[in-house]
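The residues making up each chain are set out below.
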Amino acid sequence: MEAPSPMASPGEIHVEGDFDSPRPRQIVTSLPFSATCIRIARDSYPNLRSISSSANIPDDASASKTVEGEFGYVLEDVPHFTDYLPDLPAFINPLRNHPAYKTVKQYWVNEEDSVPLQIVSQKDTPRGVHFRRAGPRQKVYFESDEVLPCIVTCGGLCPGLNTVIRELVCGLNHMYNVTHVLGIEAGYKGFYSKNTVELTPKSVNDIHKRGGTVIGTSRGGHDTVKIVDNIEDRGINQVFIIGGDGTQKGASDIYKEIRRRGLKVAVVGIPKTIDNDIAVIDKSFGFDSAVTEAQRAINAAHVEGESMENGIGLVKLMGRYSGFIAMYATLASRDVDCCLIPESPFYLEGKGGLFEFMEKRLKENGHMVLVVAEGAGQKLIAQSVNSMGTTDESGNRLLLDIGIWLSEKIKEHFSKRKMTINLKYIDPTYMIRAIPSNASDNVYCTLLAHSAIHGAMAGYTGFCVGQVNGRHAYIPFHRVIEKRNRVSIQDRMWARLLSSTNQPSFMDKKNVKPASDNKLKLPSGLKPMNGEKH
Ligand SMILES: Nc1ncnc2c1ncn2[C@@H]1O[C@H](COP(=O)(O)OP(=O)(O)OP(=O)(O)O)[C@@H](O)[C@H]1O
Ligand SMILES: O=P(O)(O)OC[C@H]1O[C@](O)(CO)[C@@H](O)[C@@H]1O
Ligand SMILES: [Mg+2]
């Protein structure tokens, strides 16, 4: 295929990038031309009719930018410089002449490509919400020598932070010839309280082999005005912000203030959290590495438990509000007898309680392994100890230690029952997040960093990058900060876990809503099972 002319209207070319993971082409859909535009950057969709031009109002930062199309198609778009700086000049993407990329067929992402939020559908379901597909555009809104990016990491550690930093620095340099990249030290507060560090491809060359973040991180200290003043003073025009839900809320505030001041500064979030609780995205980077590392602790708990009379291995894993690490580590290990997570309240005593189950399992097997997420059972502990309800510098509630509390309760119970047990408590909390990322997370981090760079260069701002159904997309901030992802205990994945551990569900039948598909009519020719009412 002949390379399309660089400044062609986006609607005139149809190109498929091999930019992100190889998945069926159908997942990326194109916007139907007869769509109605609600609020739109004209530049991006020249073929669509605009019924509102309010996108040009600088303080319109919190308005969502939505495009509707045929068959219930909705694009939840991300802001673009041209929404508030309509006369900004565009340039030809320098990748066009890059020795590595110029030979790639169909490298540019079609401006009209989008990624659906829901990929399971039926014949008559509307097409639903989509996000703009990530990747390189033919047009960019920065010349290479004017770009001054900065990178900041905030919140707790997570495997892969250094890989993202490395790939931002190297990607900006190798793909877009950007020579100066600033590292903001120690999280948000570093913008106004510290000097910056110069990051070069040489200085970041092997940082992906180390855990942590070479530029440091912190909680608290987000001061929007001071941060944006500093961005302006230093002449920074691309801000890459790596962090969890709190960080992305802060990033959204920074974007709004930048837009209010009418600055040509791209604000891009790269979601990070070991807890995997960021909404919309498939999973957060570093999660895989953490789950893999957790296996070592579970293994040790199993070996210890197996080697002694009524041996109990108890492992506490991270997960403040969401039990994803505990759930996946349990499913991966197969040695776990019971997994306790914040989303599934449990109780200790009586019929259907934890102790009854433990006694049974010890009688059957002579040993057992328990995995508990740090946020599990918080109400239960609060009933028995005096809790101060303190928070960290970012305002996150400080948790009561479920691991130590549960160890004591288990020992108390079995001593009352005059049953000898050998309990070994393992707390690998910081060990699972202080490691470097594994191979698959490294690749994921690279793609996230590159998506972020391409988006900023193309003039998009006020968005997060993330993988949605296997494709990389640009997601508006409000989508990732409005709620947290939590394990659904009425979902198949939790049912898989329950059936693999055979632990009690701790659910009171009265409180279980019947699953909606249980109410579906039986397909013709099928009869209900013995005694089942339908
Ligand atoms: N609602 C908010 N508005 C603006 N800034 C915030 C908000 N919540 C948190 N921040 C800032 O974001 C930074 C990180 O927040 P936090 O410590 O909650 O970690 P996080 O990004 O949620 O990551 P983690 O997954 O480790 O919890 C801090 O500097 C904090 O001040
Ligand atoms: O001790 P720190 O650094 O505040 O981090 C602990 C918290 O960070 C998290 O890992 C989220 O990043 C939570 O699981 C945990 O509660
Ligand atoms: Mg958080």
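Every value quoted in this text rests on a predicted model; they were computed, and no experiment measured them. (Residues numbered from 1 in each chain as written. Chains lettered and ligands numbered in written order. Predicted model: local features only at pLDDT ≥ 70, side-chain atom pairs only at ≥ 80, totals over all residues. Heavy atoms only, no water.)

> Explain the nonpolar core here, please?
In globular proteins that are soluble, nonpolar side chains generally tend to be buried together. One finds Ile151, Leu168 and Phe285 to be the most contacted residues of the largest nonpolar core, which totals 82 residues. The element that contributes the greatest number of residues to this core is helix 2 (residues 161-176), accounting for nine residues. Met318, Ala329, Val371 and Leu498 belong to the second-largest nonpolar core, a separate cluster that totals 28 residues. (Core = buried A, V, L, I, M, F, W, Y, C linked by side-chain atoms within 4.5 Å. Buried < 20%, exposed > 50% of the residue type's maximum accessible area, 1.4 Å probe, protein only. Helix = DSSP H or I, 4+ residues; strand = E, 2+ residues; numbered from the N terminus.)

> Just to check I follow, could you spell out the pattern of salt bridges for this structure?
Two side chains carrying opposite charge are able to pair once their charged atoms lie near each other. In the structure shown here, the tally under the stated rule is 29 salt bridges. Note that Arg132 is salt-bridged to Glu111, the shortest N-O span being 3.2 Å. A residue pair is termed long-range when its members are at least 10 positions apart, and Arg132 in strand 8 (residues 128-133) and Glu111 in the loop between strand 6 (91-92) and strand 7 (113-116) qualify at 21 residues. Of the two residues, Arg132 and Glu111, both sit in the buried class. (Salt bridge = Lys/Arg side-chain N within 4 Å of Asp/Glu carboxyl O.)

> Would you take a moment to explain helix 7 (residues 324-333) for this structure?
In an α-helix, one turn spans 3.6 residues; hence positions three or four apart end up facing the same way. Most of helix 7 sits out of view: eight of its ten residues are buried. On its buried side, helix 7 packs onto helix 6 (287-306), strand 15 (311-317), strand 16 (338-340), strand 17 (367-373) and helix 13 (492-501). One or two steps after helix 7, the chain reaches Arg334, where phi turns positive at roughly 70°. (Contact = heavy atoms within 4.5 Å.)

> Would you mind showing me how to read the site of ligand 1 here?
The immediate surroundings of ligand 1 are formed by 21 residues, with Gly156, Gly220, Asp245, Thr247 and Ser394 found nearest. One of the side-chain nitrogen or oxygen atoms of Asp245 is found 2.6 Å away from an oxygen atom of ligand 1. In the model, an oxygen atom of ligand 1 is placed 3.5 Å from a nitrogen or oxygen of the Arg320 side chain. At six residues, helix 5 (residues 245-260) tops the list of elements feeding residues into the shell around ligand 1. (Near = heavy atom within 4 Å. Polar contact = N/O pair within 3.5 Å; in protein donor to acceptor, adjacent residues only side chain to side chain.)

> What is the right way to read the environment of Gly466 from this model?
By the secondary structure assignment, Gly466 is in strand 19 (residues 463-468). Measuring from C-alpha to C-alpha, the distance between Gly466 and Pro271 comes to 7.3 Å, with 195 residues separating the pair along the chain. Not counting the four nearest positions on each side in its chain, Gly466 is found in contact with Ile281, Leu448, Arg471, His472, Ala473 and Ile475.

> How should the site of ligand 2 be read in this particular structure?
Taken together, Arg219, Ile274, Asp275, Met318, Gly319, Arg320, Glu374, Tyr430 and Arg433 form the complete shell of residues around ligand 2. The separation between an oxygen atom of ligand 2 and a polar side-chain atom of Asp275 is 2.8 Å. Protein burial of ligand 2: of its 400 Å² of free accessible surface, 81% is covered by the chains. By residue class, the composition of the shell around ligand 2 is three nonpolar, one polar and five charged. (Areas by Shrake-Rupley, 256 points an atom, 1.4 Å probe, with all protein chains shown as cover. Nonpolar A, V, L, I, M, F, W, Y, C, P; charged D, E, K, R; others polar.)

> Explanation requested: the confidence of the model for the protein in the structure shown.
Looking at the protein as a whole, the pLDDT averages 87, with 83% of positions reaching at least 70. For the stretch residues 1-26, pLDDT sits under 50, and the model shows 70 contacts to residues farther than four places along the chain or on other chains. Here residues 31-59 is modelled with pLDDT under 50, and outside its nearest four sequence neighbours on either side it reaches 83 contacts, counting other chains as well. Interface scoring of the predicted complex returns ipTM 0.98; its pTM is 0.88. (pLDDT = per-residue confidence, 0-100.)

> Looking at this structure, I do not really get the packing of helix 6 against helix 7. What am I missing?
Packed helices, taken two at a time, are described by their axes: the angle between them and the distance between them. Interaxial distance between helix 6 and helix 7 falls to 9 Å at its minimum, and their mutual angle equals 60°. Of the possible angle classes, the one that applies to helix 6 and helix 7 is oblique. Considering how the two elements wind past one another, helix 6 and helix 7 form a crossing that is right-handed. Contact residues: Phe287, Val291, Ala294, Gln295 and Ile298 in helix 6; Phe324, Ile325, Tyr328, Ala329, Ala332 and Ser333 in helix 7. Partitioned by chemical class, the residues of the contact of helix 6 with helix 7 number nine nonpolar, two polar and no charged. (Axes fitted to C-alpha atoms, helices over the stretch in contact; angles between N-to-C directions. Parallel < 35°, antiparallel > 145°, perpendicular 65-115°, else oblique. Left-handed = near helix turned anticlockwise from the far one by under 90°.)

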